[in-house]
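Fold and contact review
Listed below, chain by chain, are the residues.
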Amino acid sequence: MSSPRGGGKERGGDGERQIHVLAVDDSSVDRAVIAKLLRSSKYRVTAVDSAKKALELLGTETNVNMIITDYSMPEMTGYELLKRVKESPKLREIPVVIMSSENDPDKINRCLEDGAEDFLLKPVRPSDVSRLCGRMRS
């Protein structure tokens, strides 16, 4: 039976269930930073550089437990990715976290109203990841 968080959780090396996060950011530096922060919190991370690649992966990967995505990306924004995920019967239960360097209250509120689990301001800090860990493991 799959988890209500969007798929099964794999076992980590210590026997604890490992949460699989899909990290989406067109900036290789930001992608590396968020992946490192997530891995340091024992998440399994798959990182891609576009929302389009994220959707392709979600079409084949059935065990993603959370998506963390940049808001501003070419071709398809993180907000558009959020909308596509929440409109999909297969994907809608996966929590989506949006990241942005822009502290725009309207943008933040729109994302949260349309189903985002959280909105993080860049640079993402270890405390942000710890807060997400608490939510995902509860």
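Here, every reference points to the structure presented above.
Residues numbered from 1 in each chain as written. Predicted model: local features only at pLDDT ≥ 70, side-chain atom pairs only at ≥ 80, totals over all residues. Heavy atoms only, no water.

**Section: the nonpolar core**
- Ranked by internal contacts, the top residues of the largest apolar core, which has 25 residues, are Leu 22, Val 24, Leu 58, Ile 67, Leu 81, Ile 98 and Cys 111.
- Among the elements of the structure, strand E3 (20-24), helix H2 (51-60), helix H3 (78-87), strand E6 (96-100) and helix H4 (105-113) are those that each provide at least two residues to this core.
- Here this core takes five residues from H2, the largest share from any one element.
- Excluding its chain neighbours within four sequence positions, the residues that come into contact with Val 24 are Val 48, Ser 50, Ala 51, Ala 54, Ile 67, Ile 68, Thr 69, Asp 70, Met 73, Leu 81 and Met 99.
- Membership of the second largest hydrophobic core comes to 19 residues, among which are Ile 19, Met 99, Leu 120 and Leu 132. (Core = buried A, V, L, I, M, F, W, Y, C linked by side-chain atoms within 4.5 Å. Buried < 20%, exposed > 50% of the residue type's maximum accessible area, 1.4 Å probe, protein only. Helix = DSSP H or I, 4+ residues; strand = E, 2+ residues; numbered from the N terminus. Contact = heavy atoms within 4.5 Å.)

**Details of the environment of Val 124**
- Examined against the element boundaries, Val 124 turns out to sit in the loop between strand E7 (118-121) and helix H5 (126-137).
- Among the residues examined, Val 124 registers a relative accessible area of 12% and is labelled buried.
- For the pair Val 124 and Met 99, spaced 25 residues apart in sequence, the C-alpha to C-alpha distance is 7.8 Å.
- Those residues in contact with Val 124 that lie beyond four places of it in its chain are Ile 34, Leu 37, Met 99 and Val 129.

**Concerning the side chain of Asp 70**
- Tracing the chain through its elements places Asp 70 in strand E5 (residues 66-70).
- Taking relative accessible area as the criterion, Asp 70 reaches 6% and is therefore assigned buried.
- Setting aside chain neighbours within four positions, we find Asp 70 in contact with Val 24, Asp 25, Asp 26, Gly 78, Met 99, Ser 100 and Lys 122.

**Section: the pattern of salt bridges**
- Within the structure shown, the criterion is met by ten salt bridges.
- Across the pair Lys 122 and Asp 25 runs a salt bridge whose closest N-O atoms are separated by 2.7 Å. Here Lys 122 is found in the loop between E7 and H5, whereas its partner Asp 25 is found in the loop between E3 and helix H1 (28-40), with 97 residues between them in sequence. Accessibility classification places Lys 122 together with Asp 25 in one group, the buried group.
- Here the salt bridges share partners, and the residues they tie into one network are Asp 25, Asp 30, Asp 70 and Lys 122. (Salt bridge = Lys/Arg side-chain N within 4 Å of Asp/Glu carboxyl O.)

**So, the sheet that holds E3**
- Ordered by their spatial adjacency, five strands build an open sheet running E4-E3-E5-E6-E7, and the pairing between neighbours is parallel. A strand with exactly one partner marks an edge of an open sheet, and here the two such strands are strand E4 (44-48) and E7. Strand after strand, the sheet turns through a mean of 20° between neighbouring axes, direction not considered.
- As paired elements, E5 and E6 share four bridges and run parallel to each other. Paired with Asp 70 across the strands is Met 99, a residue of E6.
- Contacts from H2 reach E3, E4 and E5 within the one sheet, and its direction differs from that of E3 by about 155°. (Pairing = 2+ DSSP bridges. Axes fitted to C-alpha atoms, helices over the stretch in contact; angles between N-to-C directions.)

**Things to note about unusual backbone geometry**
- Of note, the amide linkage connecting Lys 122 to Pro 123 takes the cis form, showing an omega dihedral of 0°.
- Considering the arrangement of structural elements, one finds Pro 123 in the loop between E7 and H5.
- Positive phi, close to 75°, is recorded for Lys 42, a residue that is not glycine.
- Mapped onto the elements, Lys 42 comes out in the loop between H1 and E4.

In short, shape yes, function no, at least from these values alone.
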